[in-house]
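A closer look at the structure
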Amino acid sequence: MGFLLLLLAAIPRLHAQTGENILLIVNRNDAVSRQIGDYYRPRRSIPGQNVCYLSTTSDEEIKWDIYEQQIERPVGDCLKKAGLQEKVLYLVTTLGVPLKVEGSGSGLTAEYASVDSELALLYSKLKGARFQRGGGITNPFFMKRDVPFRHPAFPIYLVTRLAAYDFSGVKDMIDRALVVRNRGKFVVDLNSESDEEGNNWLRNAAILLPADRLIFDESKKVLYDLKEVIGYASFGSNDVNRKRRHLGFEWLPGAIATEFVSTNARTLKRPPVDWTYTSWRDRLHFFAGTPQGLSADMLQDGATGASGNVYEPYLAGCARPDYLLPAYYQGRNLAESYYLSLPWLSWQGVVLGDPLCSLGKP
C-alpha cells in the first residue's frame, strides 16, 4: 500500500484552471465579437482586466502588418499592462477577430498562418524570442501526455476561438461546455481508400481508448447517424466515400471532433443550405475557394469543439487524434487536449471551443 501511494504521488496532477487563466480577446469594432465576450466572460468568471479589446478589421483574412500592429502588439500590451504574462495560459479569440494571415511562398516554408496559431508564440516573444515567419515552429507541448501545462515550462499560450457561424451557434457551444460529463462514445472512422499515415494515427487512437467507449470502423462505409457521440476523428470530406455534408450524429455536450481536411477552417461564413461536398474538378460549386468540408458544420450540428486548418497544413501538420482523444477522455481540458495533438505552431491550425471545457476524470 505504501509503494502504491508513492507511485500515485509521482504522477503529475492535472490542475483545473479557471477564468483567471484566460485572456479574452474581443474586437470592439465587431458587434458579434462584443456580444460573445459579454456572454462568455461571466460564465467563466473572467476578471475585467483579463479582457483585451482590439480595434481592428472584421475581415477574416489580413496581411502581416495588420496582424502585428492591430492584433499581436495590442494583445501583448494587454498582458503586460495587467501583469498577466505568466498567469494567463489561454488566449481566447472571438468570432469577428481576423482568422488568418496571408503571406508569400508555398509548401512547408509558406508565410501563411492562422492568427490563433501565431498568437501561441506570443509568450516567448514577450520574453524577447524571435521566430522565422516562413513555415511552422515546433510545438513544445506536442505529445506531452502526462505533463501539466504551465509557465514557464511551456513557453507558449494555448489559443482557442469562440466561433461558429453566428452568435447563436457560439452561445450554444458555450452553454454545452458548461454541462459536460464523461460519457458517450468515441467514434474513429478510417479512410479505407487511403494508405496514408493518418490511418495509423486513427488506429492508435482506437487502441488508446477504452473498448466499451469506442466505435471503430475500417470498412469503406462512412459512419453516419450515431447516438451519444463525445469524440470523433476521420478524414472528413477527404474520404471519397463521404457523400453527406452532415453526419447526423447526436453530439453530447462536450463532444469534440477533428478531421484530416486541409482547409476546413478557411472560413466561418455560413454556406448555402444546399451546398454539399464536390470534387476539385467541379469549381462551379466550391465554397470559399475549395470543395472541402467545414469544421463549423459540426459545431452547428451540436459539437462543442473542433479543430481545423485555414490553409494547407499537410497531413503532418494536422491535429493527431491518437493524442487528442485519449487526453480528452482522461480529463485534460479542451485546449490542452488539442495542443497536445498539434505538432506545429505559427502554422495553419485553429481550435474552436471553450479552452476550459473538460469531461473530468472517467
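In what follows, the accompanying structure is described. (Residues numbered from 1 in each chain as written. Predicted model: local features only at pLDDT ≥ 70, side-chain atom pairs only at ≥ 80, totals over all residues. Heavy atoms only, no water.)

**Quick notes on the overall build of the protein chain**
For clarity, the threshold we go by: A helix here means a DSSP run of H or I that spans at least four residues, while a strand means a run of E at least two residues long, and both kinds are numbered starting from the N terminus. Computation of the radius of gyration draws on C-alpha atoms alone. For the globule rule, the value is 2.2 Å times the number of residues to the power 0.38. When a residue's accessible area, from a 1.4 Å probe over protein chains only, is under 20% of the maximum for its type it is buried; when over 50% it is exposed; and in between it is partly exposed. Whether two residues are in contact is decided by their heavy atoms, any of which lying within 4.5 Å being enough. Per-residue and other accessible areas follow the Shrake-Rupley method at a 1.4 Å probe size, with only the shown protein chains counted as cover for residues. Positive residues here are Lys and Arg, negative ones are Asp and Glu, while His and the chain termini are left out of the count. The atom standing in for a charge is NZ when the residue is Lys, CZ when it is Arg, CG when it is Asp and CD when it is Glu.
Along the protein chain, the regular secondary structure elements total 10 helices and 15 strands. Computed over its C-alpha atoms, the radius of gyration of the protein chain comes to 19 Å, within 12% of the 21 Å expected for a compact globule of 362 residues. With the C-alpha coordinates aligned to their principal axes, the bounding extent of the protein chain is approximately 65 × 55 × 35 Å. Residues classed as buried in the protein chain amount to 57% of the 362 residues present. Counted over contacts in the protein chain with a minimum sequence separation of 6, partners at least 24 positions apart contribute 77%. Surface exposure of the protein chain reaches about 15000 Å², of which carbon and sulfur atoms provide 51%. Of the side chains in the protein chain, 42 bear a positive and 40 a negative charge, and the two mean positions are spaced by 5 Å.

**Topic: the side chain of Glu118**
Following the sequence through the fold, Glu118 ends up in helix H4 (residues 115-119). When residues no more than four places from it in sequence are discounted, the contact partners of Glu118 are Trp64, Tyr67, Glu72, Ala113, Lys125 and Ser346.

**Describing the pairing of strand E10 (residues 214-217)**
Defined as follows: At least two DSSP bridges between two strands are required for those strands to pair.
Sheet topology note: the strand E9 (residues 185-189)/E10 ladder contains four bridges and is parallel. By the bridge assignment, Asp189 is partnered in E10 with Asp217.

**Brief notes about helix H3 (residues 64-81)**
Going by this rule: Expected helix span is given by 1.5 Å per residue-to-residue step, counting one fewer step than there are residues. Bend at a given residue is defined as the angle between two axes, one fitted to the seven residues that end at that position and one fitted to the seven that begin there.
An ideal rise of 1.5 Å per residue puts 26 Å on 18 residues; H3 measures up with 24 Å between its terminal C-alpha atoms. At Glu72, H3 shows its largest bend, some 30 degrees, and a proline, Pro74, comes one to four positions later. By the burial criterion, the buried members of H3 are Trp64, Tyr67, Ile71, Glu72, Val75, Gly76, Cys78 and Leu79. Once H3 ends, the next one or two residues include Gly83, with phi positive near 65 degrees.

**Here we look at the layout of surface pockets**
As a reminder of what qualifies: Here a cavity denotes grid points, spaced 1 Å and computed from the protein atoms alone, that fit a 1.4 Å probe unable to get out, and a pocket denotes an open set having protein on both sides within 12 Å along at least 5 of 7 lines; residues with an atom within 4 Å of a point are the lining. Grid points are joined across faces, edges and corners, and a volume is the space filled by probe spheres set on the points. Under the convention adopted here, Pro, Cys and the residues Ala, Val, Leu, Ile, Met, Phe, Trp and Tyr are nonpolar, Asp, Glu, Lys and Arg are charged, and Gly plus all remaining residues are polar.
There is about 370 Å³ of room inside the largest pocket. Forming the boundary of the largest pocket are 18 residues, of which Glu68, Glu72, Leu122, Lys125 and Arg130 lie nearest the centre. Elements that contribute at least two residues to the lining of the largest pocket include exactly H3 and helix H5 (122-125). Split by residue class, the lining of the largest pocket holds seven nonpolar, two polar and nine charged.

**Describing empty space enclosed by the protein**
Scanning the model with the defined rule gives four cavities of 30 Å³ or more in all. One number sums up the size of the largest cavity: a volume of about 60 Å³. Broken down by secondary-structure element, the contributors of at least two residues to the lining of the largest cavity are strand E12 (251-259), strand E13 (305-309) and strand E15 (349-352). If you add up the space inside the second largest cavity, you get close to 50 Å³. Here the residues of the lining of the second largest cavity sort into four nonpolar, two polar and five charged.

**Describing the pattern of salt bridges**
Going by this rule: Throughout this description, the term salt bridge denotes a Lys or Arg side-chain nitrogen within 4 Å of a carboxyl oxygen of Asp or Glu.
A full pass over the atoms with the stated rule returns 18 salt bridges. With its nearest N and O atoms 3.1 Å apart, the salt bridge here joins Lys87 to Glu20. Of this pair, Lys87 sits in the loop between H3 and strand E4 (90-94) while Glu20 sits in the loop between helix H1 (2-10) and strand E1 (22-27), placing them 67 residues apart in sequence. Judged by its relative accessible area of 38%, Glu20 is partly exposed.

**Observations concerning the packing of helix H2 (residues 31-43) against helix H6 (residues 167-177)**
In a packed pair of helices, the relevant descriptors are the angle between the two axes and the axis-to-axis distance. Where we set the bar: For helices, the fitted line uses only the C-alpha atoms of the stretch in contact; every axis is such a line through C-alpha atoms, and the angle between N-to-C directions lies from 0 to 180 degrees. Any angle that falls under 35 degrees is termed roughly parallel, while one over 145 is termed roughly antiparallel, one within 65 to 115 roughly perpendicular, and all others oblique. If you view the pair so one helix is near and one far, a crossing is left-handed when the near helix is turned anticlockwise from the far one by less than a right angle, and right-handed when it is turned clockwise.
Direction vectors running N to C along H2 and H6 enclose 15 degrees, while the axes themselves pass 10 Å from each other. Taken together, the axes of H2 and H6 lie roughly parallel to each other. Between H2 and H6 the crossing geometry is right-handed. Contact residues: Val32, Gln35, Ile36, Tyr39, Tyr40 and Arg43 in H2; Phe167, Val170, Lys171, Ile174 and Asp175 in H6.

**Structural notes on H6**
Along H6, the residues that are buried comprise Phe167, Gly169, Val170, Met173, Ile174, Arg176 and Ala177. Residues of H6 that are buried in the fold lie against H2, strand E8 (158-162), E12 and helix H8 (295-300).

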